[in-house]
Amino acid sequence: TNLVGALAISKDLGDAVRMIHVGEVDPARVAVVSAGDAAVFTGLSRPASSAELGEVRLVASSPNELRLRVSTNRPAALVVTETFWRDWRVTLDGAPHPLVRANGLFRAVPVPAGAHEVRMFIVPRMLYAGGVLSFVGLILSGFCLLGRAPRPAAT
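What you are looking at is a predicted structure, and each value in this text was computed from that prediction instead of being measured.

A.B. asks: So what about the side chain of Ser-10? Which residues, and what values?
C.D. replies: With respect to the element layout, Ser-10 can be found in strand E2 (residues 6-10). At 3.4 Å, the side chain of Ser-10 and the backbone oxygen of Asp-12 are in polar contact. Setting aside anything within four residues of it in sequence, one finds Ser-10 in contact with Asp-15, Ala-16, Met-19, Val-32, Val-33, Ser-34 and Ala-35.

Here it is in structure tokens:
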């Protein structure tokens, strides 16, 4: 997990990985994002590392949640080197905040200057949808079993 001071724009996931692999960008100072995702970052000016930008401190970590205290002297991108998945959510100081894919597979969050608490947590929509569908299937199966009339014995 680190802070970076600038963005590089990639055409797609493969391009992002290539840019880092060939040394076109330094991921310790620049985050590689798609053109559409770059719009959520404002005020990033020049490549910089965490040492130049501020401090990131881990507050709590579990498989489903990550809480960080971030202090920056100018706007930055917080890059968390954990896998990006669309079901992750972010709050900045308790308010919903954007989360984007960075460097091909990681998560990035725009962070304004100052001290902030960043919380990342997962809301697995497919798991919830699967649970609802399983419950509906169980109810329907119960109705089918209860609705069967007993057959008279053959003589």
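Picking up after the structure, the text goes on.
A.B. asks: Outline the environment of Val-4, supporting the account with residue identities and numerical values.
C.D. replies: Structurally, the position occupied by Val-4 is in strand E1 (residues 2-4). Given a relative accessible area of 0%, Val-4 falls into the buried group. Measuring from C-alpha to C-alpha, the distance between Val-4 and Ala-77 comes to 5.3 Å, with 73 residues separating the pair along the chain. Those residues in contact with Val-4 that sit more than four places away from it in its chain are Pro-27, Ala-28, Arg-29, Val-30, Ala-31, Leu-44, Ala-48, Leu-53, Ala-76, Ala-77 and Val-79.

A.B. asks: Could you give an account of the pattern of salt bridges, naming the residues involved and the relevant values?
C.D. replies: Considering all chains together, one arrives at 7 salt bridges under this definition. Glu-117 serves as the salt-bridge partner of Arg-67, at 3.4 Å between the closest nitrogen and oxygen. Pair noted here: Arg-67 is in strand E5 (residues 65-72) and Glu-117 is in strand E11 (residues 114-122), with a separation of 50 residues, a long-range link. The partly exposed category is assigned to Glu-117, whose relative accessible area is 24%. Measuring nitrogen to oxygen at the nearest pair gives 3.3 Å for the salt bridge that ties Arg-69 to Glu-117. In this pair, Arg-69 sits in strand E5 while Glu-117 sits in strand E11, placing the two residues 48 residues apart along the sequence. A network of salt bridges, in which partner residues are shared, links Asp-15, Arg-18 and Glu-24.

A.B. asks: Can you lay out the sheet that holds E11 for me, pointing to particular residues and giving the numbers?
C.D. replies: Across the sheet, 5 strands lie side by side as E4-E5-E11-E7-E8; this open sheet has antiparallel pairing. Pairing within the sheet leaves two strands with one partner each, and these edge strands are strand E4 (54-62) and strand E8 (95-97). Strand-to-strand twist of the sheet, defined as the mean angle between neighbouring strand axes without regard to direction, takes the value 25 degrees. Both strand E7 (residues 88-92) and E11 contribute to a ladder of 5 bridges, which runs antiparallel. Within the sheet, the bridge partner assigned to Trp-88 lies in E11 and is Ile-122.

A.B. asks: Please provide a residue-by-residue account of the sheet that holds strand E9 (residues 100-102), values included.
C.D. replies: Hydrogen bonds between backbone groups are what pair the strands of a sheet, and the pairing can be parallel or antiparallel. Reading across from one edge, E1-E6-E10-E9 is the order of the 4 strands in this open sheet, with antiparallel pairing throughout. Bordering the open sheet on either side are E1 and E9, each of which pairs with just one other strand. Neighbouring strand axes in the sheet, compared pairwise and without regard to direction, differ in orientation by 45 degrees on average. Two elements, E9 and strand E10 (residues 106-111), share 3 bridges in a ladder whose sense is antiparallel. The residue bridging Arg-101 from the neighbouring strand is Arg-107, located in E10.

A.B. asks: So what's going on with the pairing of E5? Residues and values would help.
C.D. replies: Where burial is concerned, the two faces of E5 differ: the one with Leu-66, Leu-68, Val-70 and Thr-72 is buried and the one with Glu-65, Arg-67, Arg-69 and Ser-71 is not. Joining the antiparallel neighbours E4 and E5 is a turn of 2 residues. With 8 bridges joining them, E5 and E11 adopt antiparallel strand pairing. Bridging across to E11, Val-70 finds its partner in His-116.

Conventions adopted
- Residues numbered from 1 in each chain as written.
- Predicted model: local features only at pLDDT ≥ 70, side-chain atom pairs only at ≥ 80, totals over all residues.
- Heavy atoms only, no water.
- Helix = DSSP H or I, 4+ residues; strand = E, 2+ residues; numbered from the N terminus.
- Polar contact = N/O pair within 3.5 Å; in protein donor to acceptor, adjacent residues only side chain to side chain.
- Contact = heavy atoms within 4.5 Å.
- Buried < 20%, exposed > 50% of the residue type's maximum accessible area, 1.4 Å probe, protein only.
- Salt bridge = Lys/Arg side-chain N within 4 Å of Asp/Glu carboxyl O.
- Pairing = 2+ DSSP bridges.
- Axes fitted to C-alpha atoms, helices over the stretch in contact; angles between N-to-C directions.

This is a description of form; function is not addressed.
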